[in-house]
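Chains, contacts and geometry: an overview
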Amino acid sequence: MDEKAKRTRELLASFYSTDPSAGGGAGVGAAVSPRKMASPDSINSLSFDPDVYMSLLVQKLNLEGLLQKHVEMAAEIKNLDTDLQMLVYENYNKFINATDTIKRMKNNIVGMEANMEQLLAKITSVQSKSDLVNTSLFEKREHIEKLHRTRNLLRKVQFIYDLPTRLAKCIKAEAYADAVRFFIGAKPIFEAYGDSSFQDCKRASEEAIDLVIKNLQAKIYLDSEPIEARAEAVVLLKQLNFPVDSLKTKLLEKLEDYLMTLQDEHKETGASAMDTLETSEPSDIGKLSDTILSLKTPTDTNMASVGEISKIICAYLIIFPDSERRLIELIQDLFTKRYGIIEQRVKERMTSADILKMIRVIWEDVILMDDVLAEAALPAFSLEAARSIIRQFISTSFSHLLLEVSDALTKSQPTPQKGSEESSLQNTLEGSKKAVIQGSLDLLLEFRQLLDDNLELLAKLRDLIVDWVQEGFQGFFQKLDEQFLGLCGRGYIANPISSVIDAVQVDKVQTGLVLVLAQLSVFIEQIAIPRIMEEIAASFSGGGARGYEHGPAFVPGEICRIFRSAGERFLLLYINMKTQKISILLKKRFTTPNWTKHKEPREVHMFVDLLLQELEAVGIEVRQILPQGLVRRHRHSDSTGSTNSSRSNPTREDKLTRTNTQRVRSQFLESHLAKLFEQKMEIFTKVQYTQESVISTIIKFCLKSLQEFVRLQTFNRSGFQQIQLDIEFLKNPLKEFVDDDAAIDFLLKEVIGAAHERRVYLQLFFKFNVIQ
Amino acid sequence: MRGASTGIVYGGLKYQARCIADVKADTDHTSFLAGTLSLKEENEVHLIRLSTPGLELVCEGLFYHPNEIWDLKSCPFNPRIFSTVFTSGETYGASVWQIPQLNGQSNAPQLEHLISLNEHSFKIKCVLWWPSGKNDKLISIDEGNLFLWSIDTSNKMAKVISQESVGMRHNLSGGAWDPHDRNAVAGICDSSLEFWDLRTMKKTSSIEQAHARDFDYNPKKQHLLVTAEDISGIRLWDLRSPKFPVKELPGHAHWTWVVRHNPEYDELILSSGTDSTVNLWLAHPPGADDLMSESPVDSPKRSKDSLLNSYTDYEDSVYGLAWSTRDPSIFASLSYDGRVVVEWVKSYIRRK
């Protein structure tokens, strides 16, 4: 079938294409030519050569094949013939059809023109008629339009004339939004014609709108109004071109005022709280606060007012969204001031409970505020403030303690009457001991309250507080040491600049005080510090904000060391002061008279009495302060015997006076030798914190000084005898002071020995005077 | 701290003694002069020399001195000249002596008496030589006066250049010539230290509240001096701020009698006292690097000043103390019983 169709098409193609060489012949030829070359046996190609084809067939096929080909070809030819016939018929048919149509068309066209002309005429007439109608209606339409415009205008005018009443109605109904809308609608007209036609109207409505503005302002100021209404009012005012900013500032000022009054109130309440705390029992707070007019309990008022403030601020935030910064400033200012009040108060002495109370109150407020105004960063701010407050609190507590201790020390100082002095030193000592230990423990207790409190704010400061407390103690004891030094006029050692005044008054320092200081230092070292250390270890361990390389801030070892050395220093100072006093006495005694022209001794010189008096005074002071020590015999006691025999014996002195110089010399050698064999006397042993030790040290020092003074003089016989007499007299009273007979004997003997050595003989006088 | 008895002992002094002086002008030997203090015997002046290997103290010369010697100073430019202050009962005097030429024998030849400083009407306390080098100036101090002398040793002449009286109320007891400012001299006056300008002979300044028994100028640094006091032990002062001492050292158990700077290492201070000890201290004088030590007691600076050694091998109070100028690591001490002990401080010098 396909083949057939193909062939038909080809046939048709060859049929329609009149000239195969022209009209696409080139293309076809070009396309076909290779095929021709390839298959000369293809019958359908344009350059088909029957001869070649024939010869090819003959060559290729046998007879049978040729026959078969023949049959095939014959059939094909037949087919082609019929196809051609069919084509011819069809074409012919078409041609007949076309001729028929043309014939019919010729017939139909006749009479059409007339119809067309008729139509044209009709349309023209319609056109003219329509024009006619249009012109006749034009005037009326114009009129109607004019009337319509007038009516609109009239309605507007009516609206404006009605505006005041309408506004009044709105005001009555408090529909301010409508009123503002109306007024704004009418505003352009008023602006255009306000000066002429609608003058009254304008004035009336403006009055009305003023009223509206006023009402709106009032509404804004009215705290009882719902916030939304107030916010709306502000928006309306803004629409009315009302200067809202001034309004805002005014409102903020109002708020500020409010805060100020609140602060004052707070101050008052704070003060009253202080009063109540100071003057009455905690249970009386309620009663007392009733009298303070509207303030119930201080905390309540605060709570209420801060609640209000937070509400107001909340409202303002909605009303004036752009006022946030100012509000933050205000609030921060408020809290700064409140913390300022506390800080002020911290400068005085107050308990940590008070501090805690105050901080807690503020902290609650802060939390309240923080909900409203998170941007103000109040918690961080408060943390900072609380930090400085607590720090200050701790440091003031310590300085107060320091003051108390020095007060306790100096309080009884200016009353050195003879009668009261008996126990005053003891009282001072006990008082200052108590001041130190009780004060420190109290402080620790206070600080513990700070730590134990569960306030979130303080929890963050915990480590810092621990450190501060430890540092505080360290500093406190160091300062205490300096203060002690200052008290006994030696402040310039520790601090050469600050204690200029103190140091000048070295002479005025009371010796008793020095002794008290010595004993107090021992007390601090042995009892107070371990006790405080325990306390600190129990509740103030940790910290660590300082970093580990610094170690803990409180170093009890160091403090102990400081006070141990301080104690020793004070004790020595006491002894020094006393011996110095006596030494001055002795100096006067030995430098004033001319010993070489001394008269026969008549009685014991009065310096002995003075000396004993001084020692008595020392005894009184020492007995008050220092504990009684164990009776300790001097190590020298076992060698007294040998001393006695070898040293110059006072009873033999008279005999010696007559000996010649040779004798003197040998005696010198003798005493030398004796000294060599004698056990070395240890006069300068370590002083202990006991009555006996201190007194005997002082006496030993005095006797040693006596010996030294004697050595600087030259005596005649009478002078020597005077010394002998005095020393003999001293012997027994001194032994009453000290148990160490041996040492006293030894020293007294030394004195007499020294005097003997410095005793001059008349004949020698002459001799040397001659030489000179 | 307790030093073992490492020193060399010279036991030649037969009597009690207070005074020992370094012979500054003797550049060949380390020698000291010591004078005895005996009321009843003829007193002696010993010229003691440290033998060259430094093992022995040899008596180079022994001279009789008529009276007991309370002060003895060696002339800074002539090793054979020295001065003494002496008393005998009520009488007193001050003289300059010359040691006679020694001919190998040391058995007590007489001292050559050069000059008597006999203008004094009070008890003489001490004689001061010009600090170093040859000069004819000499100062003598008695209880109430200060004399400036011009002496001529070769012609045995002395005359008073100027004199200043401190008044009856005061009582001079000692003095020293400022080695840095030759016109300044200081005296111990009851409870204060007074300073005079020799050109005008007027008081220039004073340190109040210093109950000094002895004092010594810092040989290396001007304005600094050290005092030995009964109550306060040893105190270091800066004359530019005389109100407060710069430093304090504990001093001795009883009175501190003498205090001396080492002539070469001025931070080494030697003191002796009536507690029969000699103490060697290390005390850094305040310098430019001292500003930080204003702060608390426990500053490391403070702890550096300390007692280096305590020489305790004495039987009696030690009144005499002298560093050797020739060898600054040597000092001699003299205790009342007449024992001269020479000690070495080399190990402490190195340690600093």
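Residues numbered from 1 in each chain as written. Chains lettered and ligands numbered in written order. Predicted model: local features only at pLDDT ≥ 70, side-chain atom pairs only at ≥ 80, totals over all residues. Heavy atoms only, no water.

By the naming in an unreviewed UniProt entry, chain B goes by EIPR1-like beta-propeller domain-containing protein and is assigned to Ensete ventricosum. Regarding chain B, the UniProt comment filed under Sequence similarities (unreviewed entry) reads as follows: "Belongs to the WD repeat EIPR1 family." (UniProt positions renumbered as here; feature names shortened; annotations may be inferred.)

As annotated in an unreviewed UniProt entry, chain A carries the name Vacuolar protein sorting-associated protein 51 homolog and is attributed to Ensete ventricosum. Comment text from UniProt for chain A, heading Function (unreviewed entry), reads "Acts as component of the GARP complex that is involved in retrograde transport from early and late endosomes to the trans-Golgi network (TGN)." For chain A, the Subcellular location (unreviewed entry) comment in UniProt is given as "Golgi apparatus, trans-Golgi network".

**Some words on the overall build of chain B**
What chain B contains, in helices and strands, is two helices and 29 strands. Looking at the 352 residues of chain B, the share that counts as buried comes to 61%. By sequence separation, contacts in chain B at least 24 residues apart represent 48% of the contacts at least 6 residues apart. Accessible surface, chain B as shown: approximately 13300 Å² in total, 48% of it carbon and sulfur. (Helix = DSSP H or I, 4+ residues; strand = E, 2+ residues; numbered from the N terminus. Buried < 20%, exposed > 50% of the residue type's maximum accessible area, 1.4 Å probe, protein only. Contact = heavy atoms within 4.5 Å. Areas by Shrake-Rupley, 256 points an atom, 1.4 Å probe, with all protein chains shown as cover.)

**Examining the nonpolar core**
One recurring pattern in soluble globular proteins is that nonpolar side chains are buried together. Residue and element names in this part refer to chain A. Of all hydrophobic cores here, the largest spans 152 residues; its most connected members are F473, F477, F484, I524, F570 and L734. Here this core gets 15 residues from one element, more than from any other, and that element is helix α16 (residues 456–487). Setting aside chain neighbours within four positions, we find F570 in contact with F484, L485, C488, V514, L517, A518 and S521. Membership of the second largest hydrophobic core comes to 28 residues, among which are C170, V180, A208 and V234. (Core = buried A, V, L, I, M, F, W, Y, C linked by side-chain atoms within 4.5 Å.)

**Here's the deal with unusual backbone geometry**
All names here are of chain B. A positive phi angle, close to 55°, is found at K156, a residue other than glycine. Mapped onto the fold, K156 is located in the loop between β13 (145–152) and β14 (157–165). Residue classification places K156 among the partly exposed positions, given a relative accessible area of 40%. Look at H223: it is not a glycine, yet its phi comes out positive at around 75°. Checked against the element boundaries, H223 lands in the loop between β19 (212–217) and β20 (224–229). Residue H223 is classed as partly exposed on the basis of its relative accessible area of 27%.

**What about helix α25 (residues 691–711) of chain A?**
In this model α25 of chain A runs 30 Å from its N-terminal to its C-terminal C-alpha over 21 residues, within 8% of the 30 Å that 1.5 Å per residue would give. Buried residues dominate α25 of chain A, accounting for 20 of its 21 residues. (Expected span 1.5 Å × (residues − 1).)

**Observations concerning the side chain of E708 of chain A**
When you line up the elements, E708 of chain A lands in helix α25. Setting aside its immediate chain neighbours within four residues, E708 of chain A contacts H254, W255, W257, T274, S317 and Y319 of chain B.

**Notes on the packing of aromatic side chains**
Where two aromatic rings form a pair, the distance of their centres and the angle of their planes describe that pair. Considering all chains together, one arrives at 17 aromatic pairs over all chains under this definition. Seen in terms of ring centroids, W130 of chain B and W177 of chain B are 5.1 Å apart; in terms of plane orientation they differ by 75°. Their pairing is edge-to-face. Highlighted residues: W130 of chain B in the loop between β11 (124–129) and β12 (137–142) and W177 of chain B in strand β15 (residues 172–177), separated in sequence by 47 residues. Looking at W130 of chain B, the relative accessible area reads 15%, which means it is buried. Note on F215 of chain B and Y217 of chain B: the rings are 6.1 Å apart at their centroids and 70° apart in plane angle, and the pair reads as edge-to-face. For the pair shown, F215 of chain B and Y217 of chain B are each scored as buried. In textbook terms, an aromatic cluster arises when at least three aromatic residues are bridged by ring pairs, as seen for F590, F607 and F709 of chain A together with W255, W257, Y319 and Y336 of chain B. Just above the ring of Y319 of chain B sits the side chain of R18 of chain B; from NZ or CZ to the centre is 4.1 Å. (Phe/Tyr/Trp six-rings, centres within 6.5 Å; stacked < 30°, edge-to-face > 60°. Lys NZ or Arg CZ within 6 Å of the ring centre and 35° of its normal.)

**Here we look at the pattern of salt bridges**
As enumerated under the stated definition, the model contains 25 salt bridges over all chains in all. When the shortest N-O distance is used, the salt bridge between K731 of chain A and E728 of chain A registers 3.5 Å. Here E728 of chain A and K731 of chain A lie together in helix α26 (residues 717–737), a separation of three residues that amounts to about one turn. Connected via shared salt-bridge partners are K704, E708 and R711 of chain A together with D316 of chain B. (Salt bridge = Lys/Arg side-chain N within 4 Å of Asp/Glu carboxyl O.)

**Topic: the packing of α25 of chain A against helix α27 (residues 741–757) of chain A**
All names here are of chain A. Here α25 crosses α27 at 10°, and the two axes come no closer than 8 Å. In terms of orientation, α25 lies roughly parallel with respect to α27. Contact with α25, carried on its side by I699, K700, L703, L706, Q707, V710 and R711, involves A743, I744, L747, L748, E750, V751, A754 and A755 of α27 and no other residues of that element. Split by residue class, the contact of α25 with α27 holds eleven nonpolar, one polar and three charged. (Axes fitted to C-alpha atoms, helices over the stretch in contact; angles between N-to-C directions. Parallel < 35°, antiparallel > 145°, perpendicular 65-115°, else oblique. Nonpolar A, V, L, I, M, F, W, Y, C, P; charged D, E, K, R; others polar.)

**Some thoughts on helix α5 (residues 112–173) of chain A**
All names here are of chain A. A bend of about 50° at L163 is the largest found in α5, and the proline P164 appears one to four places after it. Buried within α5 are the following residues: I160, L163, P164, L167, C170 and I171. For α5, the elements touching its buried residues are α6 (176–193) and α7 (199–221). A positive backbone phi angle near 60° is found at E174, which sits one or two residues after α5. (Bend = angle between axes of the 7 residues up to and from the residue.)

**Some remarks on the sheet that holds strand β18 (residues 202–207) of chain B**
Where strands meet in a sheet, backbone hydrogen bonds hold them as pairs that are either parallel or antiparallel. All names here are of chain B. Ordered in space as β15-β16-β17-β18, the four strands form an open sheet in which the pairing is antiparallel. Single-partner strands in this sheet number two, and they are β15 and β18. Adjacent strand axes in the sheet meet at a mean angle of 25°, parallel and antiparallel pairs treated alike. Relative to strand β16 (residues 184–189), β15 runs antiparallel, the two sharing five bridges. Note on β16: the bridge partner recorded for G174 is I188. (Pairing = 2+ DSSP bridges.)

**Comments concerning the side chain of D337 of chain B**
Residue and element names in this part refer to chain B. Tracing the backbone through its elements, the reader meets D337 in the loop between β28 (330–335) and β29 (340–344). In terms of polar contacts, D337 uses its side chain to reach the side chain of S335, at 2.4 Å. Only 3.4 Å separates the side chain of D337 from the backbone nitrogen of R339, close enough to count as a polar contact. (Polar contact = N/O pair within 3.5 Å; in protein donor to acceptor, adjacent residues only side chain to side chain.)

**Examining the sheet that holds strand β4 (residues 31–36) of chain B**
All names here are of chain B. Read across the sheet, four strands follow the order β3-β4-β5-β6 without closing on themselves; strand pairing throughout is antiparallel. Among the strands making up the open sheet, the edge pair consists of β3 (17–22) and β6 (57–65). Taken pair by pair, the neighbouring strands of this sheet meet at an average axis angle of 20°, ignoring direction. Where strand β5 (residues 43–50) meets β6, eight bridges bridge the pair, whose relative direction is antiparallel.

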